[in-house]
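# Observations on the three-dimensional arrangement
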Amino acid sequence: MIKAVIIDDDMTTIHGLTRSVRWNDYGIEVAGTAKNGREGLEQVRAHRPEIILTDIYMPVMDGIEMLKALREEGNRAEVIILSGYEDFKYAQSAVKLQVNDYLSKPATLDEIERVLQEVADKIRKKMHSEREEKELRELLERNLSTTKRQMLKGLLEPGFCQTAFFDKVSDYLKMDLSQQYFTVLLIEFFINRERNSYRPRDLSLFAYAVKNIVDELSQYKKGVYVADIQRNLITVIVSTPAQVKRENVKRQVTQMAAEFLENIQKYLKLQVWASVGLAADHVSGIPKSYASAIDLLAQREKMSDKQLITEEDIKDISKTTVRRPMESYQAIVDAVMMGQEDLVEERIAELTKNLHKGAIPSISVLREFSIDIVAVLALALHDHGLQVEDIHAGFNMYKELELLYSVDDFAAWLRDLLLPVCEVMNRRGSQKHRKTIEFIMRYVQEHYSEDITLDVLAEKVYLTRNYLSQIFKQATGENYNSYLTRVRMEKAKELMLSGNYKVFEISQMVGYKNNAYFSQLFKKHTGLNPSEINQ
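Residues numbered from 1 in each chain as written. Predicted model: local features only at pLDDT ≥ 70, side-chain atom pairs only at ≥ 80, totals over all residues. Heavy atoms only, no water.

For the protein, the helix and strand inventory stands at 21 helices and 10 strands. The C-alpha radius of gyration of the protein comes to 33 Å, more than 25% above the 24 Å expected for a compact globule of 535 residues. The dimensions of the protein, computed from C-alpha atoms along their principal axes, are 95 × 65 × 45 Å. For the protein, the proportion of its 535 residues judged to be buried stands at 47%. Considering only contacts in the protein between residues 6 or more positions apart, those separated by 24 or more positions represent 69%. As displayed, the protein offers around 27,900 Å² of accessible surface, 48% of which is attributable to carbon and sulfur atoms. (Helix = DSSP H or I, 4+ residues; strand = E, 2+ residues; numbered from the N terminus. Rg over C-alpha atoms; globule rule 2.2 N^0.38 Å. Buried < 20%, exposed > 50% of the residue type's maximum accessible area, 1.4 Å probe, protein only. Contact = heavy atoms within 4.5 Å. Areas by Shrake-Rupley, 256 points an atom, 1.4 Å probe, with all protein chains shown as cover.)

Next up, the structure:
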């Protein structure tokens, strides 16, 4: 309920207003009344109303003095002046004090109620907007770690820096990526052979240990970002001010990489390599630098004496090394972590199809692939405080490998391994993103007449469009566009049953400019033409 305080030295006016105006109809409660500005100050301070209805010329303290005092205190209530005092200077003062309306006595009841209705609508809209902004700030804090990861990982993808998500998040995070060179540095590591038997969680633990070393060594260096962590591969983006000569950029990044390698070996006792991609002179060139760093690292087996590989090191080497399909593994595990069973099945089928092309992988290669994908999975689960053993009790990597003799065995093993994890993550994900999805659904209910695409909503909650689409489907069981259409059709049906509007008006009211398209959707949703609803 919106609260109001009435201030007027004429008690007849106060009584008339409190008894005659249909306050309840406008959702307004008269919380207090006062006979002069000083009493008015006390009433406003006590009740903190959203509306102040006041006279100007009053004894002890006039309305303008009272409003000045309130505004200086930070009070931002909506003010309606109802006064017979026509002094122009006072009217000017009222404008400066952000008065909503100025009615001259005697004002009719219709005039007063019209203004109150307008002010009440304005207040509700403002309150709704403030609640929405507060909720969005809370969602941003809740999603911030996910948003940062999406931002940095997205920089590795072509075209990402042209998206609205990039613009908004880089601005929020105060990441100025202009006037800089960008170089991608890859760090790959393996557990030394002399260590004890392999456990899936080991690589994930070491991956975060490597990341911690990179973070610690970079804390006093500006522009060093860990963009991605995959299995035993850390991707780092290094930005260098454009004032640095281009020929010195690679030297600086190479020195940094050497420092990383030295400390990782010293403190973690791992086998470790690194590659330095091409320097890009714009943020849009990061994917190219990333691709070149991957290609360089793929040549490391041909250079056993090199730990740090740059473009100069491979000029005389044939680039024929076949890379393991790590991108496919990561895509499958990403779908698992989103709890999307259909997508997991689709990506396993795609990987299997690719493995059947050309030379069939040997048993030993398939087993290496299995170790790779378990490591990627273990790393992803680590982010959620889980281990493979939490879902597959008694999991033993070596016993799992004994099951693999063909590509079809590999595909079946993948399904057995991943689908139970997918089910667990589906349940956990629904809880994690519950508030975000609740906000989206409520926002659609309140703004269905607007152009609320998934891109618009993703920008509001600081998530990428694809990620929001995935968690919405995961939580609700339907895609966003289907939900939006359903809400609009239900609202349209309500409006039709009221009998107050024509079909073309309803089409506009629920967000469709094309009446024919609206009618087509309506029939598909309800089974009836719009003209048949009231028959």
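One can describe the packing of helix H19 (residues 480-498) onto helix H21 (residues 515-526) by two numbers: an axis separation of 10 Å at closest approach and a directional angle of 95°. In terms of their interaxial angle, H19 and H21 are classed as roughly perpendicular. From H19, Thr485, Arg486, Met489, Glu490, Ala492, Lys493 and Met496 reach across to H21, where they touch Phe518, Leu521, Phe522 and His525. Within the contact of H19 with H21, the residues separate by chemical class into 6 nonpolar, 2 polar and 3 charged. (Axes fitted to C-alpha atoms, helices over the stretch in contact; angles between N-to-C directions. Parallel < 35°, antiparallel > 145°, perpendicular 65-115°, else oblique. Nonpolar A, V, L, I, M, F, W, Y, C, P; charged D, E, K, R; others polar.)

Moving on, we get to unusual backbone geometry. Peptide bonds are trans in most cases, and residues, glycine excluded, mostly fall at negative phi. Positive phi, close to 50°, is recorded for Arg48, a residue that is not glycine. Tracing the backbone shows Arg48 in the loop between helix H2 (37-47) and strand E3 (51-54). Backbone geometry at Val60 places phi at a positive 70°, although glycine is not the residue there. Of note, Val60 is situated in the loop between E3 and helix H3 (63-72). Take Val60: its relative accessible area is 55%, and that puts it in the exposed class.

So, about the pattern of salt bridges. This model, assessed by the stated rule, comprises 18 salt bridges. In this structure, the salt-bridge partner of Lys153 is Asp228, at a minimum N-O distance of 4.0 Å. With a gap of 75 residues between them, Lys153 in helix H5 (residues 109-154) and Asp228 in strand E7 (residues 224-230) connect regions that are remote in the sequence. Residue classification places Lys153 among the partly exposed residues on the basis of a relative accessible area of 25%. (Salt bridge = Lys/Arg side-chain N within 4 Å of Asp/Glu carboxyl O.)

This part takes up the sheet that holds strand E4 (residues 78-83). Sheet architecture is open: 5 strands sit in the order E2-E1-E3-E4-E5, paired in parallel fashion. What marks the edges here is a single partner per strand, and that holds for strand E2 (28-34) and strand E5 (101-104). Neighbouring strand axes in the sheet, compared pairwise and without regard to direction, differ in orientation by 20° on average. Where strand E1 (residues 2-7) lies against E3, 4 bridges are found, and the strand directions are parallel. Each residue of the ladder has a partner; that of Val5, found in E3, is Ile52. Against the sheet, H5 engages E1, E2, E3, E4 and E5, with an angle of about 170° to E4. (Pairing = 2+ DSSP bridges.)

On to the sheet that holds E7. Neighbouring strands of a sheet are bound in pairs by backbone hydrogen bonds; such pairs are parallel or else antiparallel. Spatial strand order, E7-E8-E6-E9-E10: 5 strands in an open sheet with mixed pairing. Each edge of the sheet is formed by a strand with only one pairing partner; in this case those strands are E7 and strand E10 (308-309). The sheet contact formed by strand E6 (residues 180-190) and strand E9 (residues 271-276) spans 6 bridges and is antiparallel. Across the sheet, residue Phe190 finds its bridge partner in E9, namely Gln271. Strand contacts of H5: E7 and strand E8 (233-241), with the helix running at about 95° to E7, the strand carrying the most contacts.

Here we take up the pairing of E7. Counting buried residues in E7 gives 6 out of 7 residues, a clear majority hidden from the surface. Where E7 lies against E8, 6 bridges are found, and the strand directions are antiparallel. Counterpart to Ile229 in the pairing with E8 is Ile234.

The next subject is the packing of aromatic side chains. All told, the structure shown has 12 aromatic pairs when counted by the stated rule. An angle of 65° between the planes, with centres 6.0 Å apart, marks the rings of Phe160 and Phe165 as edge-to-face. The residues Phe160 and Phe165 share a single accessibility class, namely buried. Here Tyr512 and Tyr517 contribute two aromatic rings whose centre-to-centre distance is 6.0 Å and whose plane-to-plane angle is 70°, an arrangement assigned as edge-to-face. On the basis of relative accessible area, Tyr517 is assigned to the partly exposed category, the value being 42%. Taken together, Tyr512, Tyr517, Phe518 and Phe522 form an aromatic cluster joined through their ring pairs. Just above the ring of Tyr462 sits the side chain of Lys168; from NZ or CZ to the centre is 4.7 Å. The aromatic ring of Tyr512 is capped on one face by Arg488, whose charged end is 5.0 Å from the ring centroid. (Phe/Tyr/Trp six-rings, centres within 6.5 Å; stacked < 30°, edge-to-face > 60°. Lys NZ or Arg CZ within 6 Å of the ring centre and 35° of its normal.)

If you look at the biggest cluster of nonpolar residues, it comprises 37 residues, and the most contacted ones within it are Val344, Leu377, Trp413 and Leu418. Elements that contribute at least two residues to this core include exactly helix H10 (326-337), helix H11 (341-356), helix H12 (363-382), helix H14 (397-401) and helix H15 (407-432). Here this core gets 11 residues from one element, more than from any other, and that element is H15. Apart from the residues lying within four places of it in its own chain, the contact partners of Leu377 are Val333, Val336, Val388, Leu417, Leu418 and Val421. Residues Ile437, Leu457, Leu484 and Val510 belong to the second largest nonpolar core, which totals 34 residues. (Core = buried A, V, L, I, M, F, W, Y, C linked by side-chain atoms within 4.5 Å.)

With respect to the helices and strands, Asp55 occurs in the loop between E3 and H3. When its relative accessible area of 6% is taken as the criterion, Asp55 is described as buried. Excluding its chain neighbours within four sequence positions, the residues that come into contact with Asp55 are Ile7, Asp8, Asp9, Gly63, Leu82, Ser83 and Lys105.

The quantities given are spatial measurements derived from coordinates; they are silent on function.
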